[in-house]
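The residues making up each chain are set out below.
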Amino acid sequence: MEPFGARLASAMANRGPLCVGIDPHPALLASWGLPDSPVGLQQFVDITVAALGEQVAIFKPQSAFFERFGSAGIAVLERLLVQVRETGALVLMDAKRGDIGSTMGAYAQAYLSDGSPLASDAVTISPYLGFGSLQPALDMAAQTGRGVFVLALTSNPEGPQLQHAVQADGRMVAQAIADAAGAANAGASPMGSVGLVIGATVGVTGVDVSGVNGPLLAPGLGAQGATAEDLRTVFGSALANVVPTTSREVLSAGPSAAGLQDAAARMLEQIRQVLG
Ligand SMILES: O=c1ccn([C@@H]2O[C@H](COP(=O)(O)O)[C@@H](O)[C@H]2O)c(=O)[nH]1
């Protein structure tokens, strides 16, 4: 399979640089007139994928909203992966996995190995057990043409306490993560498959992401208060690699297909005015 970084670059060039999150919050299910149950989740997924599957480059299901129903919710997530694949869009599983290396290997098998029922195009992972602990996921992704997005500067207000801390070598923790991702992506074209998560909400941090050479997932647009214009401030010269993502801003326009499509198109138009 072509590497994830190249597949994502083509999808964004063809469909526009937008990732839509699939986050079946109880409040959204209620506003769509759906039950807060696995049946409601399935209908939420069916409607979202049918409405947006041919419009957006990549979907980002939030695993937590499916996991809360145990195996019945995971079954919906497994079907979602098949449904999205049929539309030609990509899937980034937002599961934020991270553990000691040997256990990380099992997470890599779950989300990044061929034939796994949860195999996705990419998965979010957490480097806060040390970037090196992620190596099994980086290796599996490289082997199977999939990708990872490593948490660097998250969109929540609590993130800076840890991510802005200065290491013994004088670099900020988030800078060290960005540098490690850049090393993993060295020489890749059009971009590597080791992405970072950097919130659109983070403002000016001093973290230099110009050498990452991988996709930069930017959550926080809409419900968390960031605007497309904030992308310019946060990403500067790395704007070309930014993958803006939003969930509630688009999903709250459902359940009508036209409502979802118009909301996604509006968001994409705002993003294009900044990203070009
Ligand atoms: O730093 C991060 C990392 C992940 N997220 C996830 O993205 C969506 C955001 O949802 P909105 O409705 O657009 O606010 C959600 O699944 C988060 O868990 C993030 O927000 N920030």
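Please read all numbers here as calculations on a predicted model, not as lab measurements. The numbers attached to residues start from 1 for each chain and follow its sequence in the written order. Where local features are concerned, this predicted model is filtered to residues with pLDDT of at least 70; where side-chain atom pairs are given and counted, the filter is 80 or more; whole-chain, interface and lining totals use all residues. Side-chain descriptors were evaluated using all non-hydrogen atoms of the structure, hydrogens and water having been removed beforehand.

Caption draft 1: Expanded view of the nonpolar core. Residues belong to one nonpolar core when they are buried, are Ala, Val, Leu, Ile, Met, Phe, Trp, Tyr or Cys, and are joined through side-chain atoms within 4.5 Å. Only protein chains enter the accessibility calculation, which uses a 1.4 Å probe. A residue is then buried if its area is under 20% of the maximum for its type, exposed if over 50%, and partly exposed in between. Ranked by internal contacts, the top residues of the largest apolar core, which has 76 residues, are Val148 and Leu196. Secondary structure elements follow DSSP: runs of H or I of four or more residues count as helices, runs of E of two or more count as strands, with numbering from the N terminus. The element contributing the most residues to this core is helix H12 (residues 257-275), with 7 residues. Contact partners of Val148, with chain neighbours within four places excluded, come to Leu112, Ala122, Val123, Ile125, Ala137, Leu138, Ala141, Ser193, Val194 and Gly195. Ala11, Met12, Leu151 and Val197 belong to the second-largest nonpolar core, a separate cluster that totals 16 residues. Here, residues are in contact when the closest pair of their heavy atoms is within 4.5 Å.

Caption draft 2: Focus on the site of the ligand. In the neighbourhood of the ligand, 14 residues make up the surrounding shell, with Asp23, Ser155, Gln224, Ser247 and Arg248 lying closest. N or O atoms closer than or at 3.5 Å make up a polar contact, with two conditions inside protein: a donor-capable atom paired with an acceptor-capable one, and, for residues adjacent in sequence, both atoms drawn from side chains. Contact between the ligand and Gln224: an oxygen atom at 2.7 Å from a side-chain N or O atom of the residue. Expressed as a share of its isolated accessible area of 470 Å², the protein-covered part of the ligand is 88%. Put simply, the ligand lies in the largest pocket. Amino acids outside the nonpolar list (Ala, Val, Leu, Ile, Met, Phe, Trp, Tyr, Cys, Pro) and the charged list (Asp, Glu, Lys, Arg) are all regarded as polar, and Gly is one of them. Residue classes in the shell around the ligand are distributed as 3 nonpolar, 6 polar and 5 charged. For this description, a residue counts as near a given molecule or strand if any of its non-hydrogen atoms is within 4 Å of it. Reported accessibility uses the Shrake-Rupley method at a 1.4 Å probe radius. Residues are deemed covered only where the shown protein chains occlude them. Cavities and pockets were defined on a 1 Å grid built from protein atoms only: a cavity is a group of points that admits a 1.4 Å probe but offers it no way out, a pocket is an open group of points flanked by protein on both sides within 12 Å along at least five of seven lines, and a lining residue is one with an atom within 4 Å of any such point. Occupancy of a cavity or pocket is assigned to a molecule whenever over half of its atoms lie within 2 Å of that pocket's grid points.

Caption draft 3: Molecular detail of the packing of helix H3 (residues 38-52) against H12. With axes taken as lines fitted to C-alpha atoms, and helix axes fitted only over the stretch in contact, angles between N-to-C directions fall between 0 and 180 degrees. Between H3 and H12, whose axes approach to 9 Å, the crossing angle comes to 55°. Here H3 is positioned oblique relative to H12, judged by the angle of their axes. Relative to H12, H3 is oriented so that their crossing is right-handed. Mapping the contact onto sequence places Ile47, Thr48, Ala51 and Leu52 in H3 and Ala257, Leu260, Gln261 and Ala264 in H12. In the contact of H3 with H12, the residues fall into 6 nonpolar, 2 polar and no charged. Oblique is the label for every angle not falling under 35 degrees (roughly parallel), over 145 degrees (roughly antiparallel), or within 65 to 115 degrees (roughly perpendicular). Less than a right angle of anticlockwise turn of the near helix away from the far helix marks a crossing as left-handed, whereas a clockwise turn marks it as right-handed.

Caption draft 4: Expanded view of the UniProt feature "active site" (unreviewed entry) in the chain. UniProt positions are given in the numbering used here, feature names are shortened, and annotations may be inferred rather than shown by experiment. UniProt tags Lys96 as "active site" (unreviewed entry). Within the element layout of this structure, Lys96 appears in strand S3 (residues 90-97). Given a relative accessible area of 40%, Lys96 falls into the partly exposed group. Apart from residues lying up to four places away in sequence, Lys96 is in contact with Gln62, Thr124, Ile125, Ser126 and Leu151. Side-chain polar atoms of Lys96 contact the side chain of Asp94, separated by 2.8 Å.

Caption draft 5: The arrangement of the packing of helix H6 (residues 101-112) against helix H7 (residues 135-144) in detail. Taken N-terminus to C-terminus, the directions of H6 and H7 make an angle of 30°; their axes are 8 Å apart at the nearest point. Taken together, the axes of H6 and H7 lie roughly parallel to each other. Between H6 and H7 the crossing geometry is right-handed. Contacts between H6 and H7 involve Gly101, Met104, Gly105, Ala108, Gln109 and Leu112 on the former and, on the latter, Pro136, Ala137, Met140, Ala141 and Thr144. Class assignment for the residues of the contact of H6 with H7 results in 7 nonpolar, 4 polar and no charged.

Caption draft 6: Summary view of the sheet that holds strand S5 (residues 147-153). A pair of strands is labelled paired if DSSP reports no fewer than 2 bridges between them. Strand order in this closed barrel of 8 strands is S1-S2-S3-S4-S5-S6-S7-S8, and the pairing throughout is parallel. Strand-to-strand twist across the sheet, computed as the mean angle between neighbouring axes with direction ignored, equals 30°. As judged from the 5 bridges shared by S5 and strand S6 (residues 194-198), these two strands associate in the parallel manner. The partner of Leu153 across the bridge, within S6, is Ile198.

Caption draft 7: The arrangement of the UniProt feature "domain: Orotidine 5'-phosphate decarboxylase" (unreviewed entry) in the chain in detail. The positions UniProt marks with the feature "domain: Orotidine 5'-phosphate decarboxylase" (unreviewed entry) are residues 17-263. Segment residues 17-263 splits into 41% helix and 16% strand. End C-alpha atoms: 14 Å apart.

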